Amino acid sequence: MAIKVIEEKCVGCAKCQKSCPFDAITIEDKIAVIGDACTNCGTCVEVCPTDAIIQEGTEKVVKDLSMYKGVWVFAEQREGKIMPVVFELLGEGKKLAAEIGTELCAILCGSNVAGLADELFAYGAEKVYLADAPELEKYTTDGYSKVINEAIGKYKPEIVLYGATHIGRDLAPCLAVKVNTGLTADCTKLEIDPDDKKIRQTRPAFGGNLMATIVCPGSRPQMSTVRPGVMDKAVYDPTPKGEIIKLDAVFAEGDIRTKVLEIVKTTTENISISDADFIVAGGMGLGKPEGFELLKQLADKLGGTVATSRACVDAGWADHAIQVGQTGTTVKPTIYFACGISGAIQHIAGMQDSDIIIAINKNENAPIFEVADYGIVGDLYKVIPAIIEELNK
Ligand SMILES: Cc1cc2nc3c(=O)[nH]c(=O)nc-3n(C[C@H](O)[C@H](O)[C@H](O)COP(=O)(O)OP(=O)(O)OC[C@H]3O[C@@H](n4cnc5c(N)ncnc54)[C@H](O)[C@@H]3O)c2cc1C
Ligand code: SF4
Ligand code: SF4
């Protein structure tokens, strides 16, 4: 151990314990004791008021990475229903696991959720780590991070993937700090480096102006949140069965500090654009924010929802939650109407995998027509009412 406590000088003030980023220090019989989690970072040496801590050498402690195995997918469920992004993560996780020659596992937390394991097996998980307890019925950062942190400590996965949903974005950084490892947020591409088998995690940075590829060389597990809608879903096969491994989910008083009072759902009027089958998207060609009312009429007819381009968001005409594109949401609906949208590459990046794209634009040279399956050259204020009229017949 390169960090030592001179017991005669230690007064047990616990300043070092509070300063240690890795929770490596305990106070036993009023003396600081350095544990195995110490990385020799030197932080505690600076804070000790009695110079009781000495650092011999500055080499960082190198972790033995060979014991970390398996690709884990956080199987986010809400009210007993698995979130769609989990099937995308299982699809991607399977490829990664095959490339490094390891197994694909899911980690499932909730109350009375054991029945969901079959669905995870059907989408490719070979093992499901299950934490089933009443305290986990509703998501809390404390509850979920406690059980997953313990599971990571015990079973040592090599890679852990989370959907970049509101829950995934909350949980993953909390766990990364607890586990003391690296996390790349909102990845759009994952691949295994053929030379060293580490995962290369690519994400848009600086508002999408730069694609950054990030690796996590010295810590495990390698963790990523992955943007929903970007990866392909795993193939469903109901026959496979796997192993369920039950996790301890025991909570003491005060372990979960958050109390969920109420969960308020948005009305069906606001269908999330990532779940919608029909999207009617409008761009600057609307000319004015009131134009969205016309788009909504068409979306309502189809049971779909309205989306937009970034230019309209920047103009204050629409909320970022409905922005499609590289710096917005990626969507794959059955039909995507692009109305008065020029088809900039950053917009196309978020909708090009839609099953059918119908473009309505005044300018026949607009790049949107290059990706459109059907194109209508004309004024959207004439074309859309005509479509609605036909649908009414
Ligand atoms: C780093 C970066 C990230 C970006 N991320 C995104 C992103 O995530 N999503 C995104 O959308 N953009 C993004 N952009 C912006 C993008 O480059 C375009 O500026 C934007 O998509 C243009 O929006 P638009 O098509 O609505 O507007 P415009 O480009 O102004 O196009 C308006 C279109 O409407 C047509 N039109 C006009 N009047 C009518 C009418 N009456 N009827 C029919 N058609 C009409 C015009 O012919 C024109 O083609 C990003 C840009 C950068 C630099
Ligand atoms: S800060 Fe120094 S004196 Fe205080 S507990 Fe730690 S080692 Fe002991
Ligand atoms: S050197 Fe760093 S990791 Fe080790 S006990 Fe001190 S503060 Fe913690």
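Residues numbered from 1 in each chain as written. Chains lettered and ligands numbered in written order. Predicted model: local features only at pLDDT ≥ 70, side-chain atom pairs only at ≥ 80, totals over all residues. Heavy atoms only, no water.

Going by what an unreviewed UniProt entry lists, the protein is known as 4Fe-4S dicluster domain-containing protein and is assigned to Acetobacterium fimetarium.

A.B. asks: Please provide a residue-by-residue account of the pairing of strand β8 (residues 104-110), values included.
C.D. replies: Taken across its 7 residues, β8 has 7 buried, putting it largely inside the fold. The alternating pattern of β8 places Leu104, Ala106, Leu108 and Gly110 on one face and Cys105, Ile107 and Cys109 on the opposite face, and all of these are buried. Direction of pairing for strand β5 (residues 71-74) relative to β8: parallel, over a ladder of 4 bridges. Considered in β8, the bridge of valine 71 is made with leucine 104. In this region the chain leaves β8, passes through helix α4 (residues 117-122) and returns to the parallel neighbour strand β9 (residues 127-132); the handedness of that crossover is right-handed. (Buried < 20%, exposed > 50% of the residue type's maximum accessible area, 1.4 Å probe, protein only. Helix = DSSP H or I, 4+ residues; strand = E, 2+ residues; numbered from the N terminus. Pairing = 2+ DSSP bridges. Right-handed = clockwise from strand over helix to strand, strands pointing away.)

A.B. asks: Could you give me a rundown of the nonpolar core, with the residues and numbers involved?
C.D. replies: Val86, Leu90, Leu108, Leu120, Val128, Leu161 and Leu190 are the most contacted members of the largest nonpolar core, which totals 34 residues. Secondary-structure elements contributing two or more residues to this core are β5, α3 (84-100), β8, α4, β9, β10 (159-163) and β12 (189-192). A per-element tally of this core places α3 first, with 8 residues. Leucine 161 has contacts with Val71, Trp72, Val73, Phe74, Leu89, Gly93, Leu96, Leu190 and Ser224, leaving out every residue within four places of it along the chain. Core analysis: the second largest hydrophobic core is formed by 28 residues, Ala133, Val147, Tyr162 and Ala172 among them. (Core = buried A, V, L, I, M, F, W, Y, C linked by side-chain atoms within 4.5 Å. Contact = heavy atoms within 4.5 Å.)

A.B. asks: Can you tell me about the packing of helix α7 (residues 291-302) against helix α11 (residues 380-392), naming the residues and giving the values?
C.D. replies: Their axes nearest at 10 Å, the elements α7 and α11 cross at an angle of 25 degrees. Judged by the angle between their axes, α7 and α11 are roughly parallel. For α7 against α11, the interelement crossing comes out left-handed. Note on element contacts: α11 touches α7 through Leu380, Tyr381, Ile384, Pro385, Ile387, Ile388, Leu391 and Asn392, opposite Gly291, Leu294, Leu295, Gln297, Leu298, Lys301 and Leu302. Its residues assigned to classes, the contact of α7 with α11 comprises 11 nonpolar, 3 polar and 1 charged. (Axes fitted to C-alpha atoms, helices over the stretch in contact; angles between N-to-C directions. Parallel < 35°, antiparallel > 145°, perpendicular 65-115°, else oblique. Left-handed = near helix turned anticlockwise from the far one by under 90°. Nonpolar A, V, L, I, M, F, W, Y, C, P; charged D, E, K, R; others polar.)

A.B. asks: Would you mind going over the site of ligand 1 in detail, with residue names and values included?
C.D. replies: Ligand 1 sits among 26 residues. The nearest are Ser309, Thr327, Ser342, His347 and Asn361. At the level of elements, α8 (310-314) and α9 (345-348) are the ones that each hand at least two residues to the shell around ligand 1. Partitioned by chemical class, the residues of the shell around ligand 1 number 6 nonpolar, 17 polar and 3 charged. (Near = heavy atom within 4 Å.)

A.B. asks: Describe the sheet that holds β12, listing the residues and the values that go with them.
C.D. replies: Adjacent strands of a sheet pair through backbone hydrogen bonds, lying either parallel or antiparallel. With antiparallel pairing, 3 strands are arranged side by side in an open sheet as β12-β13-β14. Two strands lie at the open edges of the sheet, namely β12 and β14 (210-214), each paired on one side alone. Strand-to-strand twist across the sheet, computed as the mean angle between neighbouring axes with direction ignored, equals 25 degrees. Sheet analysis places β12 next to strand β13 (residues 199-205), joined by 4 bridges and oriented antiparallel. Within β13, the position partnered with glutamate 191 by the bridge is arginine 200.

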